[in-house]
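What follows is each chain in one-letter form.
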Amino acid sequence: MSEDSSAALTESKRGPLDVKRVMAALPHRYPMLLVDRVEEIIPDRSIAAIKAVTINEDFFNGHFPGRPIMPGVLIVEALAQAAGILAVESLGLAGSGKLVYFMAIDGAKFRVPVEPGCLLRLEVEFVQKRSTVCKFAGKALVDGKVAAEANFTAMIADPPAA
């Protein structure tokens, strides 16, 4: 990488973003907000975010009593929310009212159980970016080990009419 491109990449990095900035980018709220913090975002390229998994999560009441494990679909949802933040920040959609909707999930794999007390690191990259449809590759890590991974597609759309 040349010195100029390295300097440009460093200048374009953003983060960390606290939960207030996360909530400004996403319409999700408790109990469905699954991103607590953005560690780093490189617009048009990637995002690294954190979900602090606590025993207080509602889903642990039934998944599973005596052996709490975060449901895989919620891990993928957390990855999708991180991708939503990446899309909103990269496409300049903050404050526009536009929403990022799931269209497809491909190749989801779950490798390590995610338990209360974990810091789930969400790493997502753009695979393809267009004005209304984006493709992403994501992985969720616990202590540096891949807990889950998936490729997914999302669309940028206006919110439903009230």
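Before reading on, note that the structure itself is shown above.
Residues numbered from 1 in each chain as written. Predicted model: local features only at pLDDT ≥ 70, side-chain atom pairs only at ≥ 80, totals over all residues. Heavy atoms only, no water.

Examined bridge by bridge, strand β1 (residues 37-42) and strand β2 (residues 46-52) share 5 bridges and lie antiparallel to one another. Considered in β2, the bridge of arginine 37 is made with isoleucine 50. Hairpin connection between β1 and β2: a loop of 3 residues separates the two successive antiparallel strands, and aspartate 44 in this loop has a positive phi of roughly 70 degrees. (Pairing = 2+ DSSP bridges. Helix = DSSP H or I, 4+ residues; strand = E, 2+ residues; numbered from the N terminus.)

Of note, phenylalanine 152 is situated in strand β6 (residues 145-157). On the basis of relative accessibility, which here comes to 2%, the residue phenylalanine 152 falls in the buried class. Measuring from C-alpha to C-alpha, the distance between phenylalanine 152 and leucine 79 comes to 9.3 Å, with 73 residues separating the pair along the chain. (Buried < 20%, exposed > 50% of the residue type's maximum accessible area, 1.4 Å probe, protein only.)

Counting residues in each nonpolar core, the largest one holds 43 residues, and the members touching the most others are Met70, Ile85, Val114, Leu120, Leu122 and Phe136. For this core, the elements supplying multiple residues, two or more each, are α2 (19-25), β1, β2, α3 (72-91), β4 (119-129), β5 (133-142) and β6. The greatest single-element share of this core, amounting to 11 residues, is contributed by α3. Methionine 70 has contacts with Val53, Phe59, Phe60, His63, Ile75, Val114 and Leu120, leaving out every residue within four places of it along the chain. (Core = buried A, V, L, I, M, F, W, Y, C linked by side-chain atoms within 4.5 Å. Contact = heavy atoms within 4.5 Å.)

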